[in-house]
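Structural overview
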Amino acid sequence: MIGNIAAGAMDVKKAIVAPSTVNLVLVAGGAGGGYNNGGGGGAGGLLYTASKSITVGSPLTITVGAGGTAGNSGSDRGGAGTSTTCTSSTSPTGGGGGGGNPTTAGANGGSGGGVRLNSTSSAGTGISGQGNNGGVSGSAPRGGGGGGGAGAVGGNGDASYNGGAGGVGLQYDGVYYAGGGGGSGTTDANSGAGGNGGGGAGKGNVSSVGVSGTANTGGGGGGGGDSANGGAGGKGVAVIYYADTFASAASTTGSPTFTNTGGIKKYVFTGDGSITF
């Protein structure tokens, strides 16, 4: 006996402490696809930090980037996405817009935008470590180029008028982010698919609007069909995850989604907010 408690009945548990580091995924907003047989919008830049240092009691403040506007008759190239930010972290750059008509070149960004159908203009350039270049087109007959994704360049349009596919994104904790938008062909059927990671498909038919990038993936919007708008870029996201052997956050703002499955605690911010451990 120890005092009045039998030694075998004692239940000593180790205190659960806050993590000292977390995994952090920041994805900027994807870009819009181009107007009138446009190129696909580039995905938002993606930055991953495997061991983001945490100071207990000090909040990490997060701002989630918006997706770019769809290319339209008034502003034919797709609009750029905006950055997603987190305290004391490098911010990824928003995606570059897909080329439209008459602004046929893709824009630079986290991942670059694709070129409009039947154009020899340059594709948008992606930022090394965040994304990839958009796809090109060429002199007629050529489909439009796909937007770059975090994991691959956008596909090129070919001589059968097939639009290039959007570049694939990257996967973290089972989820793909930052896929590029597909480029326009001459029909919906031969337009480029969106890249895995929320990229929107391109379109080619008359008045057929490009598919928007998926919200909170940073996917690029698809190029619009004949005389049609492109798809809008998908809003960005911030994801924090770590082993479930550590304590949950002491507090959050902005209502992030929290899950605790498969040995991983994860907080997904789809809007602005903060987290304190």
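One can find the structure itself at the top, above this paragraph.
Residues numbered from 1 in each chain as written. Predicted model: local features only at pLDDT ≥ 70, side-chain atom pairs only at ≥ 80, totals over all residues. Heavy atoms only, no water.

Side note on the pattern of salt bridges
What the rule picks out here adds up to 1 salt bridge. For Asp173, the salt bridge identified is with Lys266, shortest N-O distance 3.0 Å. Here Lys266 lies in strand β10 (residues 264-269) and Asp173 lies in the loop between β5 (170-172) and β6 (175-177), a separation of 93 residues in the sequence. (Salt bridge = Lys/Arg side-chain N within 4 Å of Asp/Glu carboxyl O. Helix = DSSP H or I, 4+ residues; strand = E, 2+ residues; numbered from the N terminus.)

Remarks on the sheet that holds strand β4 (residues 85-86)
Remark on secondary structure: sheet strands pair via backbone hydrogen bonds, oriented parallel or antiparallel. With antiparallel pairing, the 4 strands of this open sheet are ordered in space as β4-β3-β11-β8. The open sheet has two edge strands with one neighbour each: β4 and β8 (251-253). Two elements, strand β3 (residues 60-63) and β4, share 2 bridges in a ladder whose sense is antiparallel. Bridging across to β4, Ile62 finds its partner in Cys86. (Pairing = 2+ DSSP bridges.)

So, the environment of Gly143
Structurally, Gly143 can be placed in the loop between β4 and β5. Measuring from C-alpha to C-alpha, the distance between Gly143 and Gly164 comes to 6.9 Å, with 21 residues separating the pair along the chain. The contacts of Gly143, once residues within four sequence positions are left out, are Leu117, Val136, Ser137, Gly157, Asp158, Tyr161, Asn162, Gly163 and Ser184. (Contact = heavy atoms within 4.5 Å.)

Section: the environment of Gly167
Tracing the sequence through the fold places Gly167 in the loop between β4 and β5. Sequence-wise, Gly167 and Gly40 are 127 residues apart; in three dimensions their C-alpha atoms are separated by 9.7 Å. Filtering out sequence-adjacent residues up to four positions away, Gly167 remains in contact with Gly147, Gly148, Gly149, Ala152, Val153, Gly154, Gly179, Gly180 and Gly195.

Considerations on the sheet that holds strand β7 (residues 237-243)
Judged by pairing direction, the sheet is antiparallel, and its 5 strands sit side by side in the order β2-β1-β7-β10-β9 without closing on themselves. Of all strands in the sheet, those with a lone pairing partner are β2 (46-53) and β9 (257-261), marking the two edges. Between one strand and the next, the sheet's axes are offset by a mean angle of 15°, whatever the strand orientation. As paired strands, β9 and β10 are joined by 5 bridges and run antiparallel to one another. Counterpart to Thr259 in the pairing with β10 is Lys266. (Axes fitted to C-alpha atoms, helices over the stretch in contact; angles between N-to-C directions.)

A word on the packing of aromatic side chains
Under the definition given, this model contains 3 aromatic pairs. Note on Phe258 and Tyr267: the rings are 4.7 Å apart at their centroids and 40° apart in plane angle, and the pair reads as tilted. (Phe/Tyr/Trp six-rings, centres within 6.5 Å; stacked < 30°, edge-to-face > 60°.)

Read these as geometric descriptors, not functional statements.
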